Amino acid sequence: MLSSLRGMWLNYVHMKKLQILMLLTTALLFACQKPASYSSFDEYPVYEGDDLELTFTPEKSKFRVWAPTASEVKLLLYNDGYEGAAYEMHDMKRSEGGTWKLVIKENLEGKFYTFQAKVGEKWLAETPGMWVKATGVNGKRAAIIDFAKTNPEGWENDVRPPLKNFTDMVIYEVHMRDFSVSPNSGMKNKGKFLAFTEHGTKNTAGEATGIDHLVDLGVTHVHLLPSYDYASIDETKLNENKYNWGYDPQNYNVPEGGYSTNPYDPATRVREFKQMVQSLHKSGIRVIMDVVYNHTFVGGESHLNQLVPDYFYRFRQDSTWSNASGCGNETASERAMMRKFIIESVVYWATEYKVDGFRFDLMGIHDIETMNAIRAALDKVDPTIYVYGEGWTADSSPLPEEKRAVKKNAKLLNNIGVFSDDLRDALKGSWMNKEIPGFASGVDSLEESVKFGITAAAFHPQVDYTKPIYSKEPYTNNPTQIINYVSCHDDMCLVDKLNLSKPAGTTPEELVRFNKLAQSVVFTSMGVPFMYAGEEVYRNKKGVNNTYQSPDSINQIDWDNKTTYRHVYDYYKGLIAMRKAHPAFRIPTQEMMEKYLKFNDLKTPNVVAFTLGENANGDEWKNILVIHNGNRKAVQVEIPTDKWTIVAHDAVINLNGIKAHDGGLLQLAPSSMTVLYTK
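Not measured: the values here are computed from a predicted model. (Residues numbered from 1 in each chain as written. Predicted model: local features only at pLDDT ≥ 70, side-chain atom pairs only at ≥ 80, totals over all residues. Heavy atoms only, no water.)

Engineer: Just to check I follow, could you spell out helix α6 (residues 368-381) for this structure?
Structural biologist: Three or four residues apart is the spacing at which side chains of an α-helix point the same way, because the helix has 3.6 residues per turn. Taking 1.5 Å of rise per residue, 14 residues should cover 20 Å, and α6 covers 20 Å from first to last C-alpha, within 8% of that figure. The set of residues buried in α6 consists of Ile368, Thr370, Met371, Asn372, Ile374, Arg375, Ala377 and Leu378. In the core, the buried residues of α6 are packed alongside α5 (336-352), β15 (357-360) and β16 (386-389). N-cap assignment for α6: the residue whose side-chain oxygen lies 3.4 Å from the backbone N of Glu369 is Asp367. (Helix = DSSP H or I, 4+ residues; strand = E, 2+ residues; numbered from the N terminus. Expected span 1.5 Å × (residues − 1). Buried < 20%, exposed > 50% of the residue type's maximum accessible area, 1.4 Å probe, protein only. Contact = heavy atoms within 4.5 Å. Polar contact = N/O pair within 3.5 Å; in protein donor to acceptor, adjacent residues only side chain to side chain.)

Engineer: Where do I start with the sheet that holds strand β18 (residues 482-484) in this structure?
Structural biologist: Note on sheets: strands pair through backbone hydrogen bonds, and any given pair is parallel or antiparallel. As summarised here, the arrangement of the eight strands in space is β10-β11-β14-β15-β16-β17-β18-β19, forming a closed barrel in which the pairing is parallel. Adjacent strand axes in the sheet meet at a mean angle of 30°, parallel and antiparallel pairs treated alike. As defined by bridge partners, strand β14 (residues 286-291) adjoins β15 across four bridges and the pair is classed as parallel. Bridge pairing links Ile288 to Gly357 in β15. (Pairing = 2+ DSSP bridges. Axes fitted to C-alpha atoms, helices over the stretch in contact; angles between N-to-C directions.)

Engineer: Any chance you could explain the packing of α5 against α6 here in plain terms?
Structural biologist: Angle between the axes and distance between the axes: these two values describe a pair of packed helices. At a minimum axis distance of 10 Å, the contact between α5 and α6 shows a crossing angle of 30°. Between α5 and α6, the angle is such that the two are roughly parallel. In the crossing of α5 with α6, the sense of the turn from one axis to the other is right-handed. In contact with Arg339, Ile342, Ile343, Val346, Val347, Ala350 and Thr351 of α5, α6 contributes Glu369, Thr370, Ala373, Ile374, Ala377, Leu378 and Val381. Across the contact of α5 with α6, the residue classes break down as 10 nonpolar, two polar and two charged. (Parallel < 35°, antiparallel > 145°, perpendicular 65-115°, else oblique. Left-handed = near helix turned anticlockwise from the far one by under 90°. Nonpolar A, V, L, I, M, F, W, Y, C, P; charged D, E, K, R; others polar.)

Engineer: Help me understand helix α3 (residues 210-217) in this model?
Structural biologist: Among all positions of α3, only Gly210, Ile211, His213, Leu214 and Leu217 are buried. Burial along α3 is one-sided: seen end-on, the buried residues are contained in an arc of 155°. Phi for Gly218, located one or two positions after α3, is positive at around 105°. (Arc of directions from axis to C-beta.)

Engineer: How should I be thinking about the environment of Val512 in this particular structure?
Structural biologist: Position of Val512 among the secondary structure elements: in helix α10 (residues 508-524). Separated by 55 residues in sequence, Val512 and His567 place their C-alpha atoms 9.8 Å apart. Ignoring any residue separated from it by four or fewer positions in sequence, one finds Val512 in contact with Tyr538, His567 and Val568.

Engineer: Honestly, the pairing of β16 in this entry has me stumped. Any pointers?
Structural biologist: For a regular strand, the rule is simple: side chains alternate between the two faces of the sheet. Burial along β16 is two-sided: Tyr386 and Tyr388 and Val387 and Gly389, pointing in opposite directions, are all buried. Two strands pair when backbone bridges link them, and β15 and β16 are joined in this way by four bridges, in the parallel orientation. By the bridge assignment, Phe358 is partnered in β16 with Val387. Crossover handedness for the path β15 to α6 to β16: right-handed. By the bridge criterion, two bridges tie β16 to strand β17 (residues 417-419) in an arrangement that is parallel. Looking at β17, one finds that Tyr388 is bridged to Gly417. (Right-handed = clockwise from strand over helix to strand, strands pointing away.)

Engineer: Mind showing me how you'd approach the state of the cysteines here?
Structural biologist: Note on terminology: a disulfide is the covalent bond linking the sulfur atoms of two cysteines. Evaluation of the coordinates by the stated rule reveals zero disulfides. Of all cysteine sulfurs, the one in Cys493 lies closest to Cys488, which takes part in no disulfide; the gap is 11 Å. Overall, Cys488 belongs to the buried group, its relative accessible area being 8%. (Disulfide = S-S within 2.5 Å.)

Engineer: Help me understand the pairing of strand β3 (residues 72-78), please; the structure alone is not making it clear to me.
Structural biologist: Burial analysis of β3 places six of its seven residues in the buried class, which makes it a mostly covered element. Strand direction decides the pairing type here: β3 and strand β7 (residues 112-119), joined by seven bridges, are antiparallel. Following the sheet pairing, Val73 is matched in β7 by Ala117. By the bridge criterion, four bridges tie β3 to strand β4 (residues 88-91) in an arrangement that is antiparallel. Within β4, the position partnered with Leu77 by the bridge is Glu88.

Engineer: Is there a simple way to explain the pattern of salt bridges in this structure?
Structural biologist: Once the charged atoms of two side chains with opposite charge are near each other, the side chains can pair. Applying the stated rule across the entire model yields 36 salt bridges. In this structure, the salt-bridge partner of Arg339 is Asp367, at a minimum N-O distance of 2.8 Å. Here Asp367 lies in the loop between β15 and α6 and Arg339 lies in helix α5, a separation of 28 residues in the sequence. Each member of the pair, Arg339 together with Asp367, is buried. The shortest N-O distance in the salt bridge between Lys434 and Asp491 comes to 3.7 Å. With Lys434 in the loop between α7 (421-428) and α8 (447-454) and Asp491 in the loop between β18 and α9 (494-500), the pair connects residues that are 57 residues apart, well separated along the chain. With a relative accessible area of 22%, Asp491 lands in the partly exposed category. One salt-bridge network, held together by shared partners, links Asp290, Arg359, Asp361 and Glu390. (Salt bridge = Lys/Arg side-chain N within 4 Å of Asp/Glu carboxyl O.)

Engineer: Just to check I follow, could you spell out the nonpolar core for this structure?
Structural biologist: Soluble, globular proteins show a tendency: their nonpolar side chains are buried together. Of all hydrophobic cores here, the largest spans 163 residues; its most connected members are Phe196, Phe312, Phe358, Phe360 and Leu612. Of all the elements, α5 adds the most residues to this core, at nine residues. In contact with Phe312, other than residues within four places in its own chain, are Trp66, Met130, Leu304, Glu330, Thr331, Ala332, Arg335, Met337 and Met338. (Core = buried A, V, L, I, M, F, W, Y, C linked by side-chain atoms within 4.5 Å.)

Engineer: It is not clear to me how unusual backbone geometry should be interpreted in this structure. Could you clarify?
Structural biologist: Only a minority of non-glycine residues have a phi that is not negative, and only a minority of peptide bonds are not trans. For Glu53, which is not glycine, the phi torsion reads 85° and is therefore positive. Relative to the helices and strands, Glu53 resides in strand β1 (residues 53-56). Look at Ala456: it is not a glycine, yet its phi comes out positive at around 60°. Turning to its location among the elements, Ala456 is positioned in the loop between α8 and β18. Judged by its relative accessible area of 0%, Ala456 is buried.

Note that all results are geometric; they support no functional claim without further evidence.
Okay, here's the thing in structure tokens:
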């Protein structure tokens, strides 16, 4: 009896232990699924791994998504990239660093998927994820593809064209459609990545267009306006030929489907982007991507915000969305996972697609620490990959200015370039007031602003820093950090700006002189020269200021202009050839510039002259004298006595020599550059 009671008691205790263990296990599982509570974004866990989104093999697919505040996350699988319902739905499991993961042990190649997170009591919208690298049409569903199958033939042998110094670059900024869509472009793949693979294309008169034109012109880098997957173009309705620049990011790591020959096939856009890069590399031209990490097309409904609400964005003190981008939102690069995303994204483009440089839209929104981390990460891939951006914002930001990558903080950026609006507006006139002209159009008292630009916004003892139109002190460490230019896709192109702001009585011939002079200053200045596509063929955009969604008739390059304005093309080509042939124009450091570049006081208003002496930067020419005459009339100046050879004069460039000059009085042609050298 006693032994029987003892046995019953032991069974009872054992059952209680099991019940308690089960209750504890259930509680633990519930706790694991229960969303964490954080008092600030700084407390959110950081995932350190490199396997976010999808890791694919034919045997299995591993999914991992960062959603630390979610209580549940589902993976939905689809047979189609755009239509139809999910054929399977899986619950993901909470994992380390705020992530959720799932492994499916079958070959999912050709399938599509989305994630869906439950935050609070609400299921958020489906999203292809933030780290997504392939999508179906219009980028709503992620695609499962084998990236090894997207490599064009010979891709493994593709290498970046050589580059010694960033100052050796000549950047050509172009929009995908503008480049090829004109009826006289001679290109078949109009508005597509593949247009850059077509050789032998001609305009109406039989002159080279397309990639052959770029090779002949001599540019070293093609800067592509946004070519990732952006939101404003409906890829199912490409026959409508809707235009946009693409500054409305949707999926940062996916090529834009509208630029592919088949946006419904996820692999096509990947393969054709690689073919474009491969073709340009074979032609000796590097590729720069315009990247727009500073905002998303929409805020609350973005793919980022559907996983971790609010984390990736900045907000004002009143909890409204901050808007330094001018597009309704701004991202928070200073937060650990946003920083991680941007760094991994640029490294991905630099490795998977072999992109050679990145132009950061509104870089002034990003924090300095993130930009320097990007530079450091790319240095591990290839230190010749160039990084530059707009050192300003479109509106105010809650992140303090001293922490942001604005141009005044360029000295805190590690070999990252910024655009020089100082030289731009000194040469062509105010961007705010379209009718105000600049130095190139005959306006005087801008000499110090021009000198500021010539010295690449780095310190030079002969610049009077009280007089430049914008900056009152040097802000770069070295010439490698400045992008000198007179126009880009933003605002009026050079031809339209010069025409609208021309002084009374200006003739069409004078406008061409203004144009050539402006570019002459850019291409003989220290720093990195940058030009807008079509400027070399005297491109206009019919006076339209902001053409971000104007039709092709406004934006396209008219390739027949190359024939009409052949003298303009030849002059631009000559400028580039002179710069590339003579390292004196490509000095990479401030110390070398201060040593070799000396301004000459020719005692003539609106004339800027400088000498590059002592075989500067290893140049074969011992002394080079560059004179920019901003006057609309011919003027006489006195130059040092020596055995000079004139190679540029009166809008003509001939590196073999135009004529000799022994010094003394020299007449400068109106609105022009003169270059002389001694051996």
